[in-house]
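What follows is each chain in one-letter form.
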Amino acid sequence: MTHQWRIDFRFYSGLLLALLLAPALAAQRRPLPTPASVLGFEPGADRKLPTWKQVTDYFTALDRASPRVSVRTLGKTTLGRPFLVAFIADSATLVNPERYRTIQRKLADPRLRTPNELPRLIADGKNVILITSSIHSTEVGGFLTPLVLADRLARGETAEAREILANTIVMLVPSLNPDGVDIVGDWYRATVGTPSEGNGPPALYHHYTGHDNNRDWYAFTQVETRYTIDSLYTPWTPQIVNDIHQQGPNGGRIFIPPYMDPVEPNIDPILTAGATSLGMAMSWRMLGEGKTGVATNASYDQWSPARQYSFNHRGVRILTETASARLATPLEVPFSALGTARGYDARVTSWNFPALWPGGTWTVGNIVDYQTSASWALLAEAARDRRAWLTSYAALGDRALAEHHPWRPGTDVPAAYLIPKAQPDAQALARLLWTLQHGQVEIRESDGPATAGGKEYPAGSYLVPTRQMFGSYANALLERQRYPNLREYPGGPPKAPYDVTAHTLPLLFGVEIAAVTGPMPAAGNPIAAVAEPAYRVPGLSERAGKRIGLYRSYSASMDEGWTRWMLDVNKIGYQSVVDRDIRAGGLNAKFDVIIVPDQSVGQLTRGLGNSYPDSRRGGLGADGAKGLREFAESGGTILFFNEASEYAIEALGLPVRNVLAGVRQSDFYAPGSLLGVEVDRAHPIAAGFSAPVPAVWFEDSPTFEATDPARVTVVARYQAAGDPLLSGWLLGGDKLNGKAALVEVAVGKGRAVLYGFRPQYRGQTMATQPLIWGAIGRGATP
């Protein structure tokens, strides 16, 4: 009796305290701030963009005022800004989020629930929706629309708003790139009223990756990617992801799925069908609201896991792409200026583009309106069909563990992949294991000897089963891709993919693996988490020696950003050099090696145009070419990556020609593929190269033939006959036969090293990075 009284006393004391404090708490929570009350303008006002501090100030104020909103800081960005997420739901849900996260985990993984538990989990669970926005910071509507959505959810009292709040948990990320909000915003505010108004900044809008920050969803190189994966995807595994983007101004006003072909074959058809169904429902609703210019089944495909992590982790990805203005400056788009996009013509009615936009003024306010309308339609549909979404979500886990692959019957999906522990590059092996585990892939060790690919491997070898919760994701990253041979029309030119076509980690990292095509070998429990290995280059990391200059164009190159990231994570010292530095000459006094990242001849030569300030215009020009030539002739080493090699051939007058120059795409095409090469491992540049299957990343790349063999040394070449394709898509591969992929050319006392590929592609090609370190080692030492 006494014990029961103590419990009741505590309960009623707590209740009384809550009742006493309720008026004060309610007073603290009123009134709800509006975005305009914090920003000083309405989101979508012409020529107005907020700072990241204003965005965070608004969400902080909303968190304090609304019981429906809980804002968390996940960490600091690359440049030190707070990275936020706002959890938005009914206040009764937010009181106990851990309960719903537990339900979500049990729905996702049938191993965690009892046989009779599923009906209750579906009855009690919520449709968890992740909304991500503004990863590409010139898509400025992306950091305005989340303010409008949050405000509407926080104060909504309609039956539809209450249904959304009751049936969903919304994780709203106001920007996946907070640094870019200020990089773009500061530039825009400084240039309003000048000829540069509405142009993008003369710098990458992510410190390292620029636009490629949305290509990091399986490599996890950037801190912002990791916050999103580690704090949102992994603990919550959302049913739906709404990824808010913008596109060019001269097509439709917005794209909504379904996607175009091809579909990555490892994605469960339930998710593909879910994206199609939800996207069409959103389109239907927006058309009913009077929106025009809505395109579906157009422009964007469902292929690479580099930009659609959710499709490989139980979540339907609803990408929306809204037409852009000139940042926050209005744009006049007459109907006659509208054109064709992949899959439709913006001036012609079709089933997937049923309502024409008449043309006219397009503003940032229109962008916010369309984005908000699309996201609200998604939320309303997801809330209304909560039970159906949770039912199909639970089925995904059962299918992942099915004995026979439920949607690739009779195919060559292996039982597992075997990864031997004895590898020539231990760092690459550790990076592969860490990368797979970071994407929630289970790795085991074989109990005894195991056979794969006709070879026996010792007990204790690593095994990656494909029959596991995210086995299809593992298969996508470990198998070799065979992109379909799609044409614009029968016998016509190739139909360009939206992005690249290959993502085979063992080839990218330079690690030996083998597919187990028979029964799954006996194996133990999943291994413990592998610690992330440190990036390190023997002889270069944390060493004062080679004086390295890294060329940085004001016509900002993502490849330059990735090169800078690669040098930074490996702790290799360098100095950025810009156009005026190279045009000034005298480079040997400062550098032993200069790196020119991948960039077109025109961008390198001419740089930015007349709409930019004088200090940013002009490119390298004739004086820059002279400065580089004199640097090499006086003993310097210059590394030219990919397309920059074509600039080197012209500017330095090298005795090399690009055999693919002028070749039509219908005769040769390789849109981001992995190709096999033969490497002269005795050459000093290849001294550290150890990949068991030599592969290079070929994307808009040149291929070389020497016109003066006495000055040219071939370090890597394509096979003399046959198809060099290892993964992805390649047409006309015979044009590469016997040609060079990597050459060293004598220039006076120095040398130029031409890479007919991207040796540090998106921070992923660990296999070919040693070819950079070897070339740097060839540079003169002061």
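These remarks concern the structure in this document. Values in this document were obtained by computation on a predicted structure and should not be read as measured data. (Residues numbered from 1 in each chain as written. Predicted model: local features only at pLDDT ≥ 70, side-chain atom pairs only at ≥ 80, totals over all residues. Heavy atoms only, no water.)

Here's the deal with the sheet that holds strand S3 (residues 127-133)
Read from one edge of the open sheet, 8 strands run S1-S2-S4-S3-S5-S10-S6-S8, paired in mixed fashion. What marks the edges here is a single partner per strand, and that holds for strand S1 (69-76) and strand S8 (294-295). With 8 bridges connecting them, strand S5 (residues 240-247) and strand S10 (residues 316-323) associate as parallel partners. Counted as the bridge partner of Ile240 is Val316 from S10. (Pairing = 2+ DSSP bridges. Helix = DSSP H or I, 4+ residues; strand = E, 2+ residues; numbered from the N terminus.)

Digging into the sheet that holds strand S19 (residues 462-465)
What links the strands of a sheet is backbone hydrogen bonding, and the strands pair in either a parallel or an antiparallel sense. On the basis of which strands lie adjacent, the open sheet formed by 4 strands has the order S16-S19-S15-S20 and antiparallel pairing. At either margin of the open sheet sits one strand with a lone partner, and together these are strand S16 (444-445) and strand S20 (514-516). In this structure, strand S15 (residues 416-419) lies alongside S19, joined through 4 bridges in antiparallel fashion. Bridged to Tyr417 within S19 is Val464.

Looking at the nonpolar core
Core analysis: the biggest nonpolar cluster contains 144 residues, and Phe59, Ile88, Leu379, Leu436 and Val464 have the highest contact counts within it. Among the elements that make up this core, the one with the highest residue count is helix H12 (residues 364-384) (12 residues). Ile572, Ile595, Val677 and Ile772 belong to the second largest nonpolar core, which has 45 residues in total. (Core = buried A, V, L, I, M, F, W, Y, C linked by side-chain atoms within 4.5 Å. Buried < 20%, exposed > 50% of the residue type's maximum accessible area, 1.4 Å probe, protein only.)

Describing the pairing of strand S32 (residues 740-747)
Within S32, 7 of the 8 residues are buried, leaving the element largely enclosed by the surrounding structure. Here S32 folds back onto strand S33 (residues 750-755), and the loop between the two strands holds 2 residues, one of which, Gly748, carries a positive phi near 60 degrees.

Section: the environment of Ala767
Tracing the sequence through the fold places Ala767 in the loop between S33 and helix H22 (770-778). With a relative accessible area of 5%, Ala767 lands in the buried category. When residues no more than four places from it in sequence are discounted, the contact partners of Ala767 are Leu507, Leu508, Phe509, Gly510, Phe689 and Ala691. (Contact = heavy atoms within 4.5 Å.)

A word on helix H10 (residues 223-236)
Under the 1.5 Å per step criterion, the end-to-end length of H10 is 19 Å for 14 residues, consistent within 8% with the ideal 20 Å. Along its length, H10 reaches its greatest deviation from straightness, about 35 degrees, at Ile229. In terms of burial, H10 is a largely internal element, 10 of the 14 residues being buried. All of the buried residues in H10 are Glu224, Thr225, Arg226, Tyr227, Thr228, Ile229, Leu232, Tyr233, Pro235 and Trp236. Downstream of H10 by one or two residues, Thr237 has phi in the positive range, about 40 degrees. (Expected span 1.5 Å × (residues − 1). Bend = angle between axes of the 7 residues up to and from the residue.)

A few points about helix H20 (residues 621-633)
Spanning 13 residues, H20 covers 19 Å between terminal C-alpha atoms, matching the ideal 18 Å at 1.5 Å per step. Contacts from the buried residues of H20 go to helix H18 (579-584), strand S23 (593-596), strand S24 (637-641), helix H21 (644-651), S32 and S33. Looking one or two residues beyond H20, the residue adopting positive phi is Gly635, at roughly 110 degrees.

Remember, this is a structural readout, not a statement about activity or role.
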